[in-house]
Every structure is written in C-alpha cells, then in structure tokens.
Amino acid sequence: MTFLRSTFLSLPVVAASALPLASHPHVFIDAGANLIFDDTGQLAAVRVFWAYDEFYSLLMVEDNALDADGDGTPEQEALDAFAGQDVDWAAGFPGDLYLQALSNDVELARPVEHGMRYEDGRIVSWHIRPLENRVAVTADPVLVQIYDPTFFVAYDVRLPVTVEGREGCAVAHVPADLNAAYDKVESLLYGPDSVEYSEDSYPEVGDLFADQLLLTCSE
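Residues numbered from 1 in each chain as written. Predicted model: local features only at pLDDT ≥ 70, side-chain atom pairs only at ≥ 80, totals over all residues. Heavy atoms only, no water.

With respect to the sheet that holds strand β1 (residues 27–37)
Alright, step 1. Read from one edge to the other, the open sheet built from 5 strands follows the order β5-β6-β2-β1-β8, with strand pairing classed as mixed. Sheet topology places β5 (113–119) and β8 (153–164) at the edges, where each strand pairs with a single neighbour. Within this sheet the neighbouring strands show an average axis-to-axis angle of 25°, counted without direction.
Alright, step 2. Note that strand β2 (residues 42–52) and strand β6 (residues 122–136) share 9 bridges and pair antiparallel. Within β6, the residue paired with valine 46 across the bridge is arginine 129.
Alright, step 3. Each of β1, β2 and β6 is contacted by helix α2 (residues 54–63), which is oriented at about 100° to β6, the strand it contacts most. (Pairing = 2+ DSSP bridges. Helix = DSSP H or I, 4+ residues; strand = E, 2+ residues; numbered from the N terminus. Axes fitted to C-alpha atoms, helices over the stretch in contact; angles between N-to-C directions. Contact = heavy atoms within 4.5 Å.)

In structure tokens form, the structure reads like this:
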C-alpha cells in the first residue's frame, strides 16, 4: 500500500526502523465490502470500506492537517477533500482487493468514487472498484479477498459485507487459519531454509492471513 507505507515511515513519531522485521504488520484496518450487481444481475463492482486503527487515523489527521480547529475531530470538509489520497493510486497500487471466478482472476478497474468519514476516533474511507468484465454469479462461488501481499497492512473483515442490486445471493465468510499462517511466516523467517529478508523485501505472506468471502447466487 504505497501511500500508507510512505506516510508511516516518514513520520518522526514512529521509529519503524527500530522494529524487528517480524513486527509486520504496522497498520491495522477493519474492512468491509458492498458487492454491487447491475440491472442484468451480473456482478459489476465492489465498494470497499476501510476503518483505520486509531493510531494510524491520528497520524493521518495530523500529517494532513485534517483538524484545522484543533478540537480533536477532523472537519468533514477536510475529509471530503482528502478522500482518495490515503493511497497512491497513480503508483499502480492494486488496491488490496482480489476476486476470482471459476479460479480465474477477475480484473478490476481503478476506483471511480471515494468517500471518507470520522467516527469513534477512526478514519473510515470507502471507494468503488468496477470490474473490467462483469461476472455472472451462480452457485459456483466468486472468491473475494482483501489483503496486502506484503503484510505491511493487516486487514480484518469486521465491517459488514452486503449484496446490492440482486436477490437470492449470499456471502459465506471463511476466516483465515491464523495458526497455520503464523507457522508459515515463522518457517520463512527462521526455519532451516529461511533466507535473509530486509524491511523492503518481507516475504509476501498477506494472502495467508486473508479471510475468504464466498459469493453465490441462486439461478
């Protein structure tokens, strides 16, 4: 996540270089999704919600001057202007959203809308990712996952996952096997076949920690 990484590492209050490599992740986000169907009943887009942890929310507020009057709550006008800048889409950031249909990757377009709000001490942002080619969803599950491959950011699907625009659909939420994930990371970092990693070459293990959202629809 390009903007998150550069913001986190550039702030003087965070001595990220002093943290051990195994301290990944650095940023924690509660995620949710709204699966949007078009009027023909095909999956057309995904609205993604990110609720940043309180510490990183504070860093964003301070670093981007979102609280002009200093009352501890960023102004909505400032959040509206900042929406979409919490990541660097221009740098080719893939969005940490991954879809598969019939085991094939589903290509996603750049976001077409952004929004942001502040609640309970946390910044909540959202954006819409259209599918490059719309997908007919049947009883064969469409896999939806939200994760950062580098595990710099940890996503936890705690926000609602909903379906919009079609009846007869359901989403099964399959949590990641965290014990297996941490065992794999320990093996990569400290096992007999481990290699030396740096902060910039942390093994891409984010998918191991990713919940599975399985979307199905009746015929």
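A closer look at the state of the cysteines
Alright, step 1. For the structure on display, the rule yields 1 disulfide.
Alright, step 2. The side chain of cysteine 169 participates in a disulfide bridge whose partner is cysteine 217; the two sulfur atoms lie 2.0 Å from each other. Disulfide cysteine 169 to cysteine 217: torsion about the S-S bond roughly 105°, handedness right-handed. Of this pair, cysteine 169 sits in strand β9 (residues 169–174) while cysteine 217 sits in strand β10 (residues 212–217), and the two are 48 residues apart along the sequence. Note on accessibility: cysteine 169 and cysteine 217 belong to one class, buried. (Disulfide = S-S within 2.5 Å. Buried < 20%, exposed > 50% of the residue type's maximum accessible area, 1.4 Å probe, protein only.)

Quick look at the pattern of salt bridges
Alright, step 1. Scanning all chains against the criterion turns up 6 salt bridges.
Alright, step 2. Of the charged contacts in the structure, one is a salt bridge between arginine 122 and aspartate 30, with a shortest N-O distance of 3.1 Å. Separated by 92 residues along the polypeptide, arginine 122 in strand β6 and aspartate 30 in strand β1 bring together distant segments of the chain.
Alright, step 3. For the salt bridge of arginine 158 with aspartate 156, the shortest nitrogen-to-oxygen distance reads 2.7 Å.
Alright, step 4. According to the relative accessible area criterion, arginine 158 is exposed, its value standing at 61%.
Alright, step 5. On the basis of relative accessible area, aspartate 156 is assigned to the partly exposed category, the value being 29%.
Alright, step 6. One salt-bridge network, in which partners are shared between bridges, spans Asp30, Arg122, Asp156 and Arg158. (Salt bridge = Lys/Arg side-chain N within 4 Å of Asp/Glu carboxyl O.)

Some points on α2
Alright, step 1. Here α2 has its buried residues at Tyr56, Ser57, Leu59, Met60 and Val61.
Alright, step 2. The N-capping residue of α2, defined by a side-chain oxygen 3.1 Å from the backbone nitrogen of phenylalanine 55, is aspartate 53.
Alright, step 3. Positive phi appears at alanine 65, one or two residues downstream of α2, with a value of about 50°. (Polar contact = N/O pair within 3.5 Å; in protein donor to acceptor, adjacent residues only side chain to side chain.)

Let's talk about the sheet that holds β10
Alright, step 1. Read across the sheet, 5 strands follow the order β4-β3-β7-β10-β9 without closing on themselves; strand pairing throughout is antiparallel. Pairing within the sheet leaves two strands with one partner each, and these edge strands are β4 (104–105) and β9.

Thoughts on the pairing of strand β3 (residues 97–101)
Alright, step 1. The alternating pattern of β3 places Leu97, Leu99 and Ala101 on a buried face, while none of Tyr98 and Gln100, on the opposite face, is buried.
Alright, step 2. Sheet topology places β3 next to strand β7 (residues 142–146); 5 bridges connect them, and they run antiparallel. If you follow alanine 101 over to β7, its bridge partner there is valine 142.
Alright, step 3. With 2 bridges joining them, β3 and β4 adopt antiparallel strand pairing. In the sheet register, glutamine 100 faces β4, and the bridge partner there is aspartate 105.
Alright, step 4. Counted between consecutive antiparallel strands, the loop separating β3 from β4 contains 2 residues, among which leucine 102 sits at a positive phi close to 55°.

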